[in-house]
Structure formats: C-alpha cells, structure tokens
2 protein chains.
Amino acid sequence: MENISIVVLISGLVALFFAGYLAYKIRRESSGNEKMQEISHAIRQGAIAFLNSETKVLIIFVGIMTVILAGASFIPNSNLHWGTAFAFLIGAILSMLSGNIGMRIATLANAKTAEGVKKNMNKGLSIAFSSGAVMGLCVVGLGILGVWGMYTLFHDLFHLDAAVTTNVLFGFGFGASSVALFARVGGGIYTKSADIGADLVGKVEENIPEDDPRNPAVIADLVGDNVGDVAGMGADLYESYVEAIIATMALAAIAGGFAFTMYGEKALMLPLLISAIGIFASILGMLFVRSGKKGNVYSALRNGLFVSTILVAVLGGIAIWYVLDGELGPYYAMLAGLIAGIIIGLSTEYFTSEKQKPVHGIAEAAKTGPATTIIQGMVTGMMSTVIPVLAVVAAMIFAYQFAEFYGVALSAVGMLSVLGISLATDCYGPVADNAAGIAEMAGLGKEVRERAEALDAVGNTTAAMGKGFAIGSAAVTALALIATFMVSLRLYYSDIEISQMLSISNTYLVAGVFLGAMLPFIFIALTMGAVGKAARSMVDEVRYQFKEFHLLTDPNSKPDYKRCVTISTKRALREMIVPGVLAVISPIIIGVVFGLVGPKGAGLAGLAGLLLGSITTGFLLAVFLANAGGAWDNAKKYIEAGNLGGKGSPAHKAAVIGDTVGDPCKDTSGPSLNILIKLMSVVTLVFLPLFVLFG
Amino acid sequence: MENISIVVLISGLVALFFAGYLAYKIRRESSGNEKMQEISHAIRQGAIAFLNSETKVLIIFVGIMTVILAGASFIPNSNLHWGTAFAFLIGAILSMLSGNIGMRIATLANAKTAEGVKKNMNKGLSIAFSSGAVMGLCVVGLGILGVWGMYTLFHDLFHLDAAVTTNVLFGFGFGASSVALFARVGGGIYTKSADIGADLVGKVEENIPEDDPRNPAVIADLVGDNVGDVAGMGADLYESYVEAIIATMALAAIAGGFAFTMYGEKALMLPLLISAIGIFASILGMLFVRSGKKGNVYSALRNGLFVSTILVAVLGGIAIWYVLDGELGPYYAMLAGLIAGIIIGLSTEYFTSEKQKPVHGIAEAAKTGPATTIIQGMVTGMMSTVIPVLAVVAAMIFAYQFAEFYGVALSAVGMLSVLGISLATDCYGPVADNAAGIAEMAGLGKEVRERAEALDAVGNTTAAMGKGFAIGSAAVTALALIATFMVSLRLYYSDIEISQMLSISNTYLVAGVFLGAMLPFIFIALTMGAVGKAARSMVDEVRYQFKEFHLLTDPNSKPDYKRCVTISTKRALREMIVPGVLAVISPIIIGVVFGLVGPKGAGLAGLAGLLLGSITTGFLLAVFLANAGGAWDNAKKYIEAGNLGGKGSPAHKAAVIGDTVGDPCKDTSGPSLNILIKLMSVVTLVFLPLFVLFG
C-alpha cells in the first residue's frame, strides 16, 4: 500500500515537473514580430479577463455551496462530514487552477506556434503540442495529487475509515464538477456567440475572410477557442478523471462490496496506481509526437496516443497482476474501458472526417440547399450514436462480468488513464487554430499561412476525436458514479428495500427516468438559446462598428476589439447561471420532493431513475450534437477545399448555414451535457446522507 | 358482466352505423364542377393506388408473421397459443380496413368541402369534419368490436381462461401495430418526399405558388396528405386504442394482480365499458361541432371535443361507481389520463400556434437568416418537451396511487376514450388542406379560396394538436404495455427472480436502456434519410418534366402527375422496409442474444431496459420533432400572413428553409416513433413465452 502511495505521489509530481519544463521551453521560443505579439497579447488579455470574471462568479457559487455543505454537516444525523465541504473547496480550486494554467500556456503558445511554422511544420507542431501537453499534464497531475492528498489527509491524518473518506472525496468531485459546469457552459456560450457574431456579419454580410483583422469580433472569436476548447475541455476532463478514480475507490471501500471482499484494501489504491501508470505512459508517448520536417502531423499525434495506450495496457496488466497476486479480473475491466475509448474516438473520426462518406453525403446534400444540408447532418449525427453506445454497453457488461461494479468503475479509470496525452492532443487544436488566425491577421507569407492552416486542419480532427472521447468518458464516469450510488444504498437500507427502490416497477423510478431524460433537452434548449441571444448582441455590435467606424472603407480606422470581448464575457456569464443552477438543484429537488410526497424510498428511487434517464439520453444527445456539428463543419471545409463548386458556390452557402447551426451543437450544448450527467450523479452522492433523511 | 358486453357491442355497432350514415350524407353532396371532380378523382386514384401497393407489402409481412406465430405455437412448452396467430391476422385486417375506409371517405370529401365553402364556412366545415368523423368512428367501432369479439371468441367459445385470452389479444394488438408501423413510416415517407419535391422545384426554383396545377408533383403532394395524415394517423391511433384496452384487460386478468384481487372479473370489462362510454360521448360531442355561417371554426371543433371529454368524465365516473359498487379508485386513474391528454394537446397548441410567443420567436430569428431559424426552432422543440413529460409522469404516479399498474393502463384508456371525436378533428385537417388545394387548382373565386384556406389554417392547428395527442397516447399506451410485461413475469418467475431482472443494478437492464434509447435515433436517421432520398428522386423527376414538357412556357402542355405519384409510391414502399423490420426484430434480438449470452433472466432484463429506454427517449424525441416541425411551419405561415416583411422577404426565405427541415421531423420521423415505442412493447409481450425459454 505504501509503495503504491509513493508511486502515485511521484507520478503526480513528475507530471507537474514535466509540465513546468515544457512551459519553460515554450516561453523561450520567439513570439514573432511585433504585430503577432500584439495580437497574441490581445487574445491573452481577453481570455484572462474572461477567466477572471468567471472566477468571480465561481467564487460566489463555490462559497455559497461550501457554506451549505459545511452547515449541512452540522444537522444532527445528517451523516455528512465537514470534510466534504473542505474537499469541495479544494476540488473547485484545483480545477480552476488547472484550467487557468492550461489557458495561460495556450494563449502564450499561439504566436510562437505561428512563428514556429515559419521554420518548419515539426517546429510548429512541437510548440502547439507542448502547450497542450502542459494542460494535459497539469490536469492529470493536479487530479491525482488532489485525490491522493485528500484521501491521505482524511484517512491517515484524521483517521476516518475508508468508506467515510471516499464519501468525503465526492465533495472533491463535486467541486471539480461545479467549476467544470460553469467553465463548459460559460465557455461554450462565449466561444459560439463570438464565432457566430463574427461570421454572420463578417463572412456572410460583408464578405471578408475568416480572421480578417478588420472584423471587430475577431479577437473575441480567437479568445473563444481558448475559453471553450481549452479551459472548458480541461475542466470537463479534470472532472471525469478525478470522479472515475473516486468512484472506484468508493466502491472498493464499501464493506461487503465485491472488491472489498475479493481484494481487500488493495482494491482501494488500484485506480490511483493505474492512473499513475497512465501518467508515465502519457509522458513517454509524448516523446513520440514528432513529424518529419514536412511529415504527417496527424499520424504523429496518433502515434503518441497509441504508444501511451499500449504502454498502459501492458504495464497496467503487470501492475494489477503483481498487486492482486495474479488476479487479472480488474485488468480486463480496465482494458475494456481503454478499448471502448479508442473505438469511440475512431467512430467520431469516421463520422466527422472530411475524407469519409458521412461528410461527403452532407456536402452532396448541400447541392440541393440548406434544408437538405441540415436534414442530412441530423441523419448523420443520429446514426453516429450507434458505435459509441455499443462500445459503452459492451465495456460495461464486460467489465461487470470480471469485477462487478468495481469493474465498471475501473473501466472508466482505464479509459481516462491516458488522459495526459489525449488532452494534449485535444488542446493542440485551439492553439493551432489561433496560430492560423494570427498568421492570417499578421499577414504572414502564403507558405506560412498554409502550413499554419494544415496544422489547424489536423487540430479540427483531433478536436472532434477529443470531443468523442470527452463524451464517452463522461458516460462511463457517470455510470461509475451511478454504480457507486446504488452500492452506497447498502449503508442505509436493507436488500429488500433497495431492490424495491431500484426496480423499474417502481413508478417513482420510472418518473425519474422520464424527468432525467427530459433534462438534457431543457439543458440544450437553454444553452442553445443563450448562444442565440448572445450572438444577436454580438451581431448588433459588429454591425454598429462596421458602420460607425467605416472599417472597410477607411484604412486608418481600427475596430474596437475590446467591446466585443466584453459583450461575449458579460453575456456568457449572465446566460450560464440558469442552466448551471438547474443542473445542481434538479437532483436535490427530485430527491426531496419525491421523498416528501411518495412512500418510503420514493426520493431515492426517483433519483436513481433521474440519473439513469439523464445519462442515457444525455450521452446520446451529446454524441448526436457533437458529431452532427463536426460533420457540418467539415462538409463546409470539404467544399471550401474546392469540391462541388468550392467557395462561393450555392452548395458552399448551404454548407455555411449547416456549419452555423452545428456550432452551438458541437461547442456549447453537446459538451455541456457531459457535465450535466456527471454533475447530477455526484450531487446525488454528496447529498445522499441527506436524501436518506427525507426517505 | 353480460350487461357490459351488451353495452360494448351496441357502442361499436352504433359507431359503425353512425359512420355509415355520415358517409351516406357526404356522398350526396355535390363535388363541384368538372375540373374539381377531375382533380379529386386524380387524388383518390393516387391514394388508392398507394394503399393497394402498400397492402401487397403488408400481406407478405402479415402472412410471414402469421406463419411464424402459428408455427411457434407448436414448439413444445412454448406457451404460445395458436389463437395469437389468428388474432394477429384479424388485428392486421381490421387496422387496414379502418385506414382504407377513412382514406376513401377523406379523398371523396375534399372536392365536396371545396364546393361546400362556396355556400358558407359552416357547410365546408360540416363536410370536412363529417369525413373525419367517419374515420374516427370506424377506428373506435372496429377497435372495440375487434377486441370484444376476440375476447368473446376465445374466452366464451374456446373456453380459454382470462389470462391466456388476454395474451392471445396481444396478438391482435401486434397485428394492428404492424400495419400501423408500415402505414406511418410508408405514409410519412410518401407525403414528405412529394411535398419537398413539389416545393423545392416548384416554389423555390420556379417561383410558382403552392398547389399550382402546372407542378407535376402537386397531385402526389395532395395524395400524401391523405396517406400520411389520414391513413397513417388512423392506423397509429387504432393501435393505441386497442392496445390500451388490451393491456388493461390483461392486467386485470393476471391472478394475484392488484385489479384481479380488488375488483375481480369486473375489472376485466371496465376498459371496454369506458371505451364504449367514450364512443357515445364522441358521437354526442360531434353534434356540437358547428360554426355560425361565418363563425369561428376552431372553437366549433374545440367545443365538440370539450363536450365529449366532460361527458366521459361524468358518465365514466357514474359507470365505474356503479360497476365497482362505489369504488372510485380506477375512476381517478382514468381521469388522470383524460386530463393529461388535454394538457398535452394544449401545450402542443401553445408551442406551435401562430398566435403565441414560441412561433413568433422563430419568426424573429428568421430575420437573421436560416441558421438562426433552425437553431431557434430546435430550442423551441426541446423546450416543448417539458409539459408533456410532466403531464405523463404526473398521470402515471397519480393513477398508480389509486389502482397500481391497472390504474396506469386505465389512464391510457381514459386518454383514448374520446378518440372518436379527437381523431375526427385531426382528420378534418388533411381534408380541408386538400379542399384548399382543389380550390386553388380549379381556379375558384378569391372569396372561396380564402374561405377554404381559413378552414385549412384551423386544420393545421388541430393537426398539430392531434399529433401531440397521438404522441401522448402512444407514450401512456406503451407505459401500460410495459406495466403488463412486468406484471406478466409473475406467471413464469419468482418474486426474487423478477426483482433481479427489473433492477437497474442489473447491467443487462442498463444495457437495454442504452440500446432502447439509441433505437429512436437510428429510427429517425433511417426515416429522415429515406425522405431525403425519395425527395431527391422526386426533384429530379419534377425538374425533368418542367424542362422537357415546357410546362411553364407552353400553355397546352400538361404535366404527367402519375409519374410523380408512382415515384412517391415506389420509394416509400422500398424505404419503409428497413426501419419497419428493425422495429420488429430489435426486441427479439435483444431477448434472444442477451438470453443466450448472459446469466438467467438477462434476456428479459435487457428487454425491460430496452422498452424503458425506447419509450422515454422515443417520447421526448417525438414531441421535440413534432413541435419543432409544427412551429417552423407556422413561423413561415406567420410571416406569409404579412409579418416581418411578408412573402418574398429574406425572413420568409429563411422560414421556408426551417419549414422544409421541419417537414420530415413532424410528418415522418416523429410520428413513426409513436409506433416504434408501442410496437416493441407489444412484440415483447407476444413473444414473452418464447423469451422465457431462452432465459
């Protein structure tokens, strides 16, 4: 046990140390000429301004919630430990920290990447990927150290027993969840309102190219890529990462549970050990990410991920075999998750790649106009749910065969074990995107711009795959949390009571399933509606500036980028409140209302249904939205590459409309669902002791 | 008991008799001038041609299935009675019959309605509504007589006990289901491929108005309204109607079940009695449907429905009180369903009405182009799921409180009790739509055309409400069937085994929920994709005819309507096979594969999950698609009425695109989901004895 602890501690420190080393290396790279530095500075300022404003809102929310949790722990018989409030606070702080670091490094690296590609592709790739790696390593490093630290603190120092300690750990997960929620929703609204605002007026109305420096919303758009795809994505996966580990530990800690009985205390540390191995594997894999001077960027990135995956598969097996004295059941469970993650990623790639049939089908449909483009994109998105669902279902059944619910949770840990490198690959995308934007705005040479765009194109694919991975891992993490919830009921109820609560012949459970399935719809409506509203404010501002400042006619006039940045920031923060609060209070309301209205156990039955309904429908809708959005995006790019009439053709116009519809789908509403399904589960687990009081 | 039987028999005969009387009256009305008769004849021919071709496919499917069912009844220990095969055949035949009658009368009444409005509004309303009433009464009449007849035959003549008899009755439901499936899917594909084909070339490319006789697809479009909204809708609700009754009877027949224990044999006949009362109430309500000479058509229709509803609420209460000796629990359950149906209808109206905020919001969004129109429509559709879900959930919990699952099933019977008049109101829509088309094509005077369009506009609202009602009743019927499935397990398994099978801690059940939730997505993708393909064939044909026949330049040239009708027919029949077969075999595959692969009970656990997952997600997606589609449609109409720039403005163009996207949503994919969720449940119930063999 102590040996595992040491490995875990070292892995976390190595991750942070290596991240620091990469950041140091990036800092030393040139940021290019003055113009480039100026643009990069503006993006950075905008991003940090948003993050700071968001942090203020978060401080309020986190503060209130900490007080509530702390207060609730004093309710007699509440069974809620004060440590939960403390862990909540730390979880929130660490999540904010990792998002903050990731975004700072990403906004630092964009101009350096653009400068890098001047030299050659590999240089640009290396800088962009390194900045993503900083983010990835911070997330896993702070994640593993946070969980390990909390556990050590409460278990070894305060001498709580393992079950109570893991319960406290859910507070940590809840903290990470809360930050992720606002980061995803707020970031998603920010990025798409800026993007749509910039496109609708700039590209469509004024016919100026993407990233044209005369467009007042262009900086806000570039900032948006960072706050949405870097900070939002990072917080999302930070949450999945820590919650998968915590859920597995909790399942191992419940006396009489499968893992507890079979493997004893070792089962508790196993998820941490696997994650630690994943960190080392990720770092080793990162060393493989290099293209030739003009080589294939995509396969470079993929090689790294594959190397890490194989390392985890091999080393994980050895470690589990060693720790569990030759027992390999949990290893198969972990492997199932790892493989499911890869399958989901490949499926996403197929459905959103410019080179495959689904995207070509949408581009073909664009020839008959926007309506058929939209319909075909919806068809594609809906069809794309099949493989991810089958992968998750197969992994779940398989993992359960080998290690019951502990195995299901462990499969989530397995899927997320290579997060260090897979997140690096994701976050590479927005950096490359920004680099291409800076190359365009700073008017760098044609060759440089083309190289930057080639980097960016690969980034789009990896970003799409990253989205698939984020959704898939959210689903398995949520499953792990639900499993923990169901097993945790044993602490309070008899087997007969539990079997009544969890039966689908219980109408409160069925009602919960309906309500849970409905929540993603409301959530999509709210977030998509918010993008619409915010985008309209942006459109008005951009139109105003074009007109009043004579931006297109007077070469001496300059747009006021800051005003657009401010609009995105303010609207995003305002619009994220309602969906955010909804996600947190829905399970509380169901638990309490059903508990008060119905017979004994109705509240928990309703909650069980709520979680099951929201995770299934939320998962499916998230995949649908992400893939439909990604496919529309790439259908447009496919046409822009000169197919089916190319830029300016009627098919292109139709495809642009498809892309605009897809934007909030894939970058706001879809990703927000990842958080919704996890958050509701973790809220349920944190407040379980209270729900028990209400029956 | 015998008294109830007599009331039921009389109600069915009265319904058919009254339908015959109305048909006789309609026949005697004038069909207008030669031109009108010619058009009406062409529509009628096209509709009958489609129905005949569809029937050929159905005969093959029904034949094969009858053989399979009959064959399966000879498998030793299969517990499947041969009567199931027989009932299946009869159910299929009666469903086809009621669809056929309804469509024949609808296609007969269209020209007569157009001629009627020449006189005054009320005359037109009366003819159109009467034709809808013929359909409504045939559905309920043949429905109640079919169920009653089957029950009497097997129970009284063949002396099967009540439980076996009701099991045989599910064969009847399965027959109705199969026909409904192909009618909805085939009809939905037909109607929208014709509609989109006619619009994309006629309205968008050639700039000729809706229903212009020079458009080669115009007859196919008018035929489509009949095969989709009349025959498809009728078969859908025929299925819901009989299955709600059968499920309730089955729950009453299971020894040891709640209703059996509490109310004995009377509980078995109660759903038939309530339905009989509903028939009388519907006929009485129909007498209230009359506007003044220029009066409000919409409130005339609504009055009729409200009168019937109140009559059922009052008479149903008295009847239940009398039959159950003062026991009113089941009455409250029934009432809950009745009220939920009204709430769902009103909610649909709110979200799709031209006069309400949601539609105005979409119209406003149309000002910033097609993309924002689509986004706003999606937001509206997603939001519109809230009230229907709450209504269904509340009705379920409420009904369960008063009479357990028997109450849940009875609430479906209650909701569907007024089907006679509510279906009349729905089917009025397509007749009025056709009448407006004929008035346009035959070049009737401006005033007549305006009156016909006013009738049509109301028809759009009632059609939207009818869709909401169809979805809501499908959901409660499916719930009733799932309840029956769960209770039926008692015939084969111990309580402990059942509680394991139905627990959400069973991973096979959870896997089933995921797969069940995925099926509606596949189903939408298939049906929407089918519309896209079929529409493209139609576009090619219409373009070809415009060019080759010089339709717009040569006043002597005539389009070949028949070729378009043939294309729609052939494509619809071809494209309906895959989704149709998928719906039938999915539960069989899950039941058998999970049964073979997993531990004991895994197959049934998977099935339970499959049904639960498909009904929740299917219900939500159906509401979303129907209301988004309806709202887009009316946003376009709102702009066409002169708002926000009116016809030809950029906002109008955007709204037309929204409407085109909404078309397959609301008329093909959405309605098909109604059948999917019911069909899978009824397949599960029919094959339950076999699934038990596989474990």
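Above: the structure in question.
In short, a report on the structure. In this text, all values refer to a predicted model and were calculated from it rather than measured experimentally. (Residues numbered from 1 in each chain as written. Chains lettered and ligands numbered in written order. Predicted model: local features only at pLDDT ≥ 70, side-chain atom pairs only at ≥ 80, totals over all residues.)

Within chain A, the regular secondary structure consists of 21 helices and 0 strands. Here chain A has a C-alpha radius of gyration of 24 Å; the compact-globule value for 695 residues is 26 Å, and the two agree. Seen along its three principal axes, the alpha-carbon backbone of chain A occupies a region of about 75 × 50 × 45 Å. Across the 695 residues that make up chain A, the buried fraction comes to 69%. Once local pairs closer than 6 in sequence are excluded, the contacts in chain A between residues at least 24 apart make up 84%. (Helix = DSSP H or I, 4+ residues; strand = E, 2+ residues; numbered from the N terminus. Rg over C-alpha atoms; globule rule 2.2 N^0.38 Å. Buried ≥ 20, exposed ≤ 12 C-beta atoms within 10 Å, placed from the backbone. Contact = placed C-beta atoms within 7 Å.)

This part is about unusual backbone geometry. The phi dihedral of Leu 644 of chain A is positive, around 50°, even though this residue is not glycine. Assignment of secondary structure puts Leu 644 of chain A in the loop between helix H20 (602-640) and helix H21 (650-694). With 18 C-beta atoms packed within 10 Å, Leu 644 of chain A lands in the partly exposed category. Positive phi, normally seen in glycine, also occurs at Asp 325 of chain B, with a value near 55°.

Listed by partner, the interface residues are 55 residues for chain B and 56 residues for chain A. Elements represented by at least two residues in the side of chain B that touches chain A include exactly helix H12 (370-383), helix H13 (386-416), helix H17 (507-548), helix H20 (602-640) and helix H21 (650-694) of chain B. By residue number, the principal contributor to the side of chain B that touches chain A is H17 of chain B, which donates 17 residues. Its residues assigned to classes, the side of chain B that touches chain A shows 40 nonpolar, 14 polar and 1 charged. (Nonpolar A, V, L, I, M, F, W, Y, C, P; charged D, E, K, R; others polar.)

Another aspect to go through is the relation of the copies chain B and chain A. Aligned on chain A, chain B shows an RMSD of 0.0 Å; the corresponding rotation is 180° and the shift along the axis is 0.0 Å. Considering both components of the superposition, the chain copies are consistent with a two-fold axis. When each C-alpha of chain B is compared by its distance to the rotation axis, Ser 503 of chain B comes out closest, at 2.2 Å. By residue overlap, the copies meet face to face through one surface: 100% of the interface positions of chain B are interface positions in chain A. (Least-squares fit on C-alpha atoms with pLDDT ≥ 70 in both.)

Turning our eyes to something else, we now look at the environment of Asp 229 of chain A. Residue and element names in this part refer to chain A. Relative to the elements of secondary structure, Asp 229 occurs in helix H6 (residues 218-253). In this structure, the C-alpha to C-alpha distance between Asp 229 and Pro 430, residues 201 residues apart in sequence, is 6.5 Å. Every residue in contact with Asp 229, bar those within four places of it in the chain, is listed here: Gly 429, Pro 430 and Ala 463.

To continue, consider H21 of chain B. At Leu 688 of chain B, H21 of chain B is bent by approximately 65°, the largest bend along its length, and proline Pro 689 of chain B sits one to four residues beyond. Most of H21 of chain B sits out of view: 40 of its 45 residues are buried. (Bend = angle between axes of the 7 residues up to and from the residue.)

With 31 residues, helix H13 (residues 386-416) of chain A should reach 45 Å at 1.5 Å per residue; the first-to-last C-alpha distance of 21 Å falls well below that figure. The largest bend along H13 of chain A measures about 135° and falls at Ala 403 of chain A. (Expected span 1.5 Å × (residues − 1).)

Another aspect to go through is the nonpolar core. What tends to happen in soluble globular proteins is that the nonpolar side chains get buried as a cluster. Core analysis: the biggest nonpolar cluster contains 575 residues, and Ala 409 of chain A together with Ala 409 of chain B have the highest contact counts within it. With near-sequence residues (within four places) excluded, Ala 409 of chain A lies in contact with Ala 244, Ala 247, Thr 248, Leu 251, Ala 480, Ala 483 and Thr 484 of chain A. (Core = buried A, V, L, I, M, F, W, Y, C linked by C-beta atoms within 7 Å.)

All names here are of chain A. Running from amino to carboxyl end, helix H4 (residues 121-157) crosses helix H8 (residues 266-286) at an angle of 160°, the nearest separation of the two axes being 11 Å. Considering their axes alone, H4 and H8 lie roughly antiparallel with respect to each other. When you trace H4 past H8, the crossing you get is left-handed. Residues Ala 133, Gly 136, Val 140, Ile 144, Val 147 and Trp 148 of H4 form the contact with H8, whose participating residues are Leu 272, Ser 275, Ala 276, Ile 279, Ser 282 and Met 286. (Axes fitted to C-alpha atoms, helices over the stretch in contact; angles between N-to-C directions. Parallel < 35°, antiparallel > 145°, perpendicular 65-115°, else oblique. Left-handed = near helix turned anticlockwise from the far one by under 90°.)

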